[in-house]
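Per-entry structural report
In case you want the letters, here they are:
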Amino acid sequence: MGGADRVIVVGAGVVGLTCAVRLLEAGVRVDLVARDLPRETTSAVAAAIWYPYRALPQDRVTAWARTSYAVFDALTDTDPDCGVRMVPGTEVQRTVRPDPWWRAAVPELEHTVDVPAGWAAGWSFTTPVVDMGVYLGWLGGRVEELGGTITRLNLSALPASGLVVNCAGLGARLLATDRTVVPVRGQVVVVEQLGLERWWLDATGPTYVVPRERDIVVGGTDIEGDWSRTPSPQTAADILARGAGLVPELRDARVLRHRVGLRPVRPAVRLERVGDVVHCYGHGGAGVTLSWGVAEEVVALVGR
Ligand SMILES: Cc1cc2nc3c(=O)[nH]c(=O)nc-3n(C[C@H](O)[C@H](O)[C@H](O)COP(=O)(O)OP(=O)(O)OC[C@H]3O[C@@H](n4cnc5c(N)ncnc54)[C@H](O)[C@@H]3O)c2cc1C
């Protein structure tokens, strides 16, 4: 063990790319290999709103999410074209609830009763919204600017020599022989922008309406053990009906795309070093939300 000056990162989703950026910034040479290139990954399907969804344990997730929040917020000033915006919104609830367990991760959160008919209360806060089509391109560009490489390679096992950072998401089932990471299927419908400037979320369902600059992502589903990446028309209709409960204008919105992704859910995120492998996978429904926080810890485990 000890500090490495060269690593192979496996995985070109948001987790692998963000780890690669932080490692390169720390002076480590990085070669990234992946079966799917950034825009083909699960990460490309994410809504993507900063929100600690389906990821544990609570204490580590809160700390990683808090770090990422601050980095995304800063990026909106330093790199306004990277695809990240700070957007206000409300998570609605059927009954009045105390603060969420991840409260310490956001600077401000207000309890409100200004919610659509059918809900009793909510939490309003401003949070990063990431347009993954733009952002993954920006992250990949950062890796290359910093001297890293990205190569398509379908591995049947983790590389056996040198230090490896394993960010394979669901691929860890094979590469780390870890059957505790399971697919949780999520379907979304992308519709035209209607001038919407706030996001809405009902975590039961889940139902969410996330406005980006040019379109709106409406979700979703959360089906454990379902491996199908084919969008279902019935599910899409149900998603739009649920979304219209939060934002009625969605009823007449033009549909642009249907997308499905398989979230890599694990009982707890795996972030640890075992010999020459740093494992970093199982971020569930929060890979974007946790990305900068886990990347910092990966750099520490690599020993820089
Ligand atoms: C519908 C939906 C909505 C979501 N919304 C949000 C959201 O709003 N906010 C949020 O934070 N998160 C959200 N998520 C979750 C988020 O997308 C995931 O947590 C995140 O994408 C996981 O990133 P990752 O880099 O670990 O994995 P992935 O993006 O899956 O990348 C894994 C990489 O590993 C590579 N790999 C795997 N196996 C091999 C192999 N054998 N050889 C070589 N390479 C391999 C893959 O090719 C890929 O490049 C959403 C997910 C879905 C499906």
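In short, a report on the structure. (Residues numbered from 1 in each chain as written. Predicted model: local features only at pLDDT ≥ 70, side-chain atom pairs only at ≥ 80, totals over all residues. Heavy atoms only, no water.)

1. Observations concerning the overall build of the protein
- The number of helices and strands found in the protein is six helices and 14 strands.
- Taking 2.2 N^0.38 as the reference for a compact globule, 304 residues should give roughly 19 Å; the C-alpha atoms of the protein span a radius of gyration of 19 Å, in line with that estimate.
- Based on the C-alpha atoms only, the size of the protein along its principal axes is roughly 60 × 40 × 35 Å.
- Residues classed as buried in the protein amount to 56% of the 304 residues present. (Helix = DSSP H or I, 4+ residues; strand = E, 2+ residues; numbered from the N terminus. Rg over C-alpha atoms; globule rule 2.2 N^0.38 Å. Buried < 20%, exposed > 50% of the residue type's maximum accessible area, 1.4 Å probe, protein only.)

2. Description of the site of the ligand
- The ligand sits among 37 residues. The nearest are Asp36, Ser43, Ile49, Gly284 and Thr289.
- Ala47 places a polar main-chain atom, nitrogen or oxygen, 3.2 Å from a nitrogen atom of the ligand.
- Here a nitrogen atom of the ligand and a backbone polar atom of Ile49 are 2.8 Å apart. (Near = heavy atom within 4 Å. Polar contact = N/O pair within 3.5 Å; in protein donor to acceptor, adjacent residues only side chain to side chain.)

3. A closer look at the nonpolar core
- Judged by nonpolar contacts, the single largest core of 71 residues is most densely connected at Val7, Leu23 and Tyr135.
- Among residues more than four places away in sequence, those in contact with Leu23 are Val7, Val9, Val28, Val30, Val165, Val298, Val299 and Val302.
- Of all hydrophobic cores here, the second largest spans 18 residues; its members include Trp119, Val191, Ile216 and Ile239. (Core = buried A, V, L, I, M, F, W, Y, C linked by side-chain atoms within 4.5 Å. Contact = heavy atoms within 4.5 Å.)

4. Points about the environment of Val165
- With respect to the helices and strands, the residue Val165 is situated in strand 7 (residues 163–166).
- Through-space distance from the C-alpha of Val165 to that of Val71 is 22 Å; in sequence the pair is 94 residues apart.
- Those residues in contact with Val165, other than ones at most four positions away along the chain, are Val7, Ile8, Val9, Val10, Leu23, Val278, Val298 and Val302.

5. Focus on helix 5 (residues 233–246)
- In this model, helix 5 (14 residues) spans 20 Å end to end at C-alpha, consistent with the 20 Å of a helix rising 1.5 Å per residue.
- Thr235, Ala236, Ile239, Leu240, Gly243, Ala244 and Leu246 are the residues of helix 5 that are buried.
- On its buried face, helix 5 sits against strand 3 (84–93), strand 8 (182–192), strand 9 (199–202), strand 10 (207–211), strand 11 (215–219) and strand 13 (255–274). (Expected span 1.5 Å × (residues − 1).)

6. Description of the packing of aromatic side chains
- Applying the stated criterion to the full structure yields eight aromatic pairs.
- Each ring, one from Trp50 and one from Tyr69, has its centre 5.3 Å from the other, and the planes form 90°; the classification is edge-to-face. Placement of the pair is Trp50 in the loop between strand 2 (29–34) and helix 2 (58–78) and Tyr69 in helix 2, with a sequence separation of 19 residues.
- Judged by its relative accessible area of 1%, Trp50 falls in the buried class.
- You can call Tyr69 buried: its relative accessible area is 7%.
- Note on Phe125 and Trp199: the rings are 4.9 Å apart at their centroids and 65° apart in plane angle, and the pair reads as edge-to-face. In this pair, Phe125 sits in strand 5 (residues 121–130) while Trp199 sits in strand 9, placing the two residues 74 residues apart along the sequence. Each member of the pair Phe125 and Trp199 is classed as buried. (Phe/Tyr/Trp six-rings, centres within 6.5 Å; stacked < 30°, edge-to-face > 60°.)

7. Section: the pattern of salt bridges
- Following the criterion strictly, the structure yields 20 salt bridges and no others.
- Of the charged contacts, one joins Asp226 and Arg185 as a salt bridge, the two residues approaching to 4.0 Å between their closest N and O atoms. With Asp226 in the loop between strand 12 (223–224) and helix 5 and Arg185 in strand 8, the pair connects residues that are 41 residues apart, well separated along the chain.
- Classification of Arg185 by relative accessible area gives buried; the value is 4%. (Salt bridge = Lys/Arg side-chain N within 4 Å of Asp/Glu carboxyl O.)

8. Considerations on the packing of helix 2 against helix 6 (residues 287–302)
- Between helix 2 and helix 6, whose axes approach to 6 Å, the crossing angle comes to 100°. The angle between helix 2 and helix 6 places the two elements in the roughly perpendicular class. Here Arg60, Val61, Trp64, Ala65, Thr67, Ser68, Val71, Phe72 and Leu75 of helix 2 lie close against helix 6, whose contacting residues are Val288, Thr289, Leu290, Ser291, Trp292, Gly293, Val294, Glu296 and Glu297.
- Its residues assigned to classes, the contact of helix 2 with helix 6 comprises ten nonpolar, five polar and three charged. (Axes fitted to C-alpha atoms, helices over the stretch in contact; angles between N-to-C directions. Parallel < 35°, antiparallel > 145°, perpendicular 65-115°, else oblique. Nonpolar A, V, L, I, M, F, W, Y, C, P; charged D, E, K, R; others polar.)

9. Thoughts on the environment of Arg185
- Spatially, the C-alpha atoms of Arg185 and Ala4 are 36 Å apart, while their sequence positions differ by 181 residues.
- In this view, Arg185 contacts Thr221, Asp222, Ile223, Asp226, Ser228, Thr230, Pro231, Ser232, Val260, Gly261, Leu262 and Arg263; residues no more than four positions away in its chain are not counted.

10. Some thoughts on the pairing of strand 14 (residues 277–283)
- The buried count for strand 14 comes to seven of seven residues, which makes it a mostly enclosed element.
- Bridging between strand 7 and strand 14 involves three bridges; their strand directions are parallel. Each bridged residue has a counterpart across the sheet, and for Val165 the counterpart in strand 14 is Val278.
- Here strand 13 pairs with strand 14 via six bridges, running antiparallel. Bridging across to strand 14, Arg270 finds its partner in Tyr281.
- In this antiparallel pair of consecutive strands, strand 13 and strand 14, the connection spans two residues, and Gly275 shows a positive phi of 60°. (Pairing = 2+ DSSP bridges.)

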